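Here are the chains, one letter per residue:
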Amino acid sequence: MTEVFTALTISLVFGIGIYMILRRDIMKIAVGFSLISHAINLTIVTSGIFTGTLVPILTETINEHAGFIFTDDFANGILAPIVTGFTENGSFVDPLTQALVLTAIVISFATTAILLTLAYRISEEYGTTDVDELRRLHG
């Protein structure tokens, strides 16, 4: 059920972002790009969530019955390092996807800041942020 809710949330945010990009106001276009970026980040984080007894990170509480896998086995869907045999069933998150999304959030923030700054300068220069009005003013 959680996967369905997450998929619906991502779809809704992505759809609202597309809707905002198709508007005539530059500020709404900037917000639309930001929403699409957030939807993509949610998709990447969601792809790193899985359930089961295999954890993608090594922890301090390894017992003597734990099995270690330190090599990749793509045929069986195993990416190392994995410690087996000591976890309880539950949801785990791959830390690599979180690190990638954190980097993407910083880049998205900088891009949005630049886009909003350009929109502000256009508003100051031409007195409007309407794309059709700017086309008429430009030539």
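Residues numbered from 1 in each chain as written. Predicted model: local features only at pLDDT ≥ 70, side-chain atom pairs only at ≥ 80, totals over all residues. Heavy atoms only, no water.

Caption draft 1: Quick peek at the pattern of salt bridges. All told, the structure shown has 5 salt bridges when counted by the stated rule. Notably, a salt bridge pairs Arg 121 with Glu 125, separated by 4.0 Å at the nearest N-O pair. Of this pair, Arg 121 and Glu 125 both sit in helix α3 (residues 95-126), 4 residues apart, roughly one helical turn. Take Arg 121: its relative accessible area is 48%, and that puts it in the partly exposed class. (Salt bridge = Lys/Arg side-chain N within 4 Å of Asp/Glu carboxyl O. Helix = DSSP H or I, 4+ residues; strand = E, 2+ residues; numbered from the N terminus. Buried < 20%, exposed > 50% of the residue type's maximum accessible area, 1.4 Å probe, protein only.)

Caption draft 2: Looking closely at α3. Relative to the 46 Å expected for 32 residues at 1.5 Å per residue, α3 spans 46 Å between its end C-alpha atoms, a close match to the ideal helical length. Taken together, the buried positions of α3 are occupied by Thr 97, Val 101, Ser 108, Thr 112 and Ala 119. For α3, the elements touching its buried residues are α2 (26-47). Directly after α3, the chain includes Gly 127, whose backbone phi takes a positive value near 80°. (Expected span 1.5 Å × (residues − 1). Contact = heavy atoms within 4.5 Å.)

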